[in-house]
Amino acid sequence: MLSILTVEWLYKNYPKHSEGKLSSMKAKLVSESVLFQIAKNESLGEFLLLGRGEKATGGSDRKSLLANLVEAFLASIYIDSGLDHARNWIIPKIKLFAIKSSVENSFKDYKTKLQEYSQKKWKLVPSYKLISEIGLDHEKLFTVEVSINNEKKAIGEGKSKRLAEQEAAEKLFLQLSKKQ
């Protein structure tokens, strides 16, 4: 439901943006980072019922838990009061991040940017390879290498493969675009 409400709002408010730009904006607005910030801003972590172990390890501040909590909270508003109330609760929060992000120009999907750059310059698509995956299931650290034609390379790390790929793509994109 969060994605649908976000797409609806973006479509109405950015009618001249391309489909690709709108997709990028939606991905950013429904990302774990944004939902985490919404949960923090609304102090939603105070309402989590956690076991002793989860409390002891800082569960009420865990990014993924709080991001999921926003979605669950939105769903409960929808079930209890309907779509309009859900929309009225989430859209002002999403709107703040959309405005902030567009001002900061942070709708940067470096995997997409790197792919577009690579295809334009060399007619090649970057490839990603998982280098390592270490840690416990709930605390894994992924290391990924991105390369273009096995020559241009960068390594990224993150708490998910996607985040590690994004960091690697950002490093390589910035490295290559500086050389121009």
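Criteria and cut-off values
Starting afresh in each chain, residues are numbered from 1 along the sequence in its written order. Local features in a predicted model are, by the rule used here, given only for residues with pLDDT of at least 70; side-chain atom pairs are given and counted only at 80 or more, and totals for whole chains, interfaces and linings are based on all residues. The side-chain values count all of the structure's non-hydrogen atoms but skip hydrogen atoms and water molecules. Put simply, a nonpolar core is a bunch of buried Ala, Val, Leu, Ile, Met, Phe, Trp, Tyr and Cys residues held in one set by side-chain atoms that sit within 4.5 Å of each other. In this scheme, a residue with accessible area under 20% of its type's maximum is buried, one over 50% is exposed, and one in between is partly exposed, where area comes from a 1.4 Å probe on protein chains only. Segments assigned H or I by DSSP are reported as helices when at least four residues long, segments assigned E as strands when at least two residues long, and all are numbered from the N terminus. Contacts: residue pairs with any heavy atoms within 4.5 Å of one another. To estimate the expected span of a helix, subtract one from its residue number and multiply by 1.5 Å. To be clear, the arc concerns the directions from the helix axis to the C-beta atoms.

With that settled, consider the nonpolar core. W9, I38, V70, W89 and I90 are the most contacted members of the largest nonpolar core, which totals 30 residues. Secondary-structure elements contributing two or more residues to this core are α1 (2-13), α2 (19-29), α3 (32-41), α5 (63-81) and α6 (83-104). Ranked by residues supplied to this core, first place goes to α6 with seven residues. Sequence-distant contacts of V70, defined by excluding residues within four places in its chain, comprise L35, I38, A39, L44, W89 and I90.

When the terminal C-alpha atoms of helix α7 (residues 110-122) are compared, their 17 Å separation across 13 residues agrees well with the 18 Å that a helix rising 1.5 Å per residue should span. All buried positions along α7 are accounted for by Y110, L114, Y117 and S118. Relative to the axis of α7, the buried residues are bounded by an arc of 95° and lie together on one face. Exposed positions of α7 whose direction lies more than 90 degrees from the buried face are E116 and K120. Buried-residue contacts for α7 involve β1 (127-134), β2 (141-148) and α8 (161-178). At the exit of α7 stands K123, carrying a positive phi of roughly 60°.

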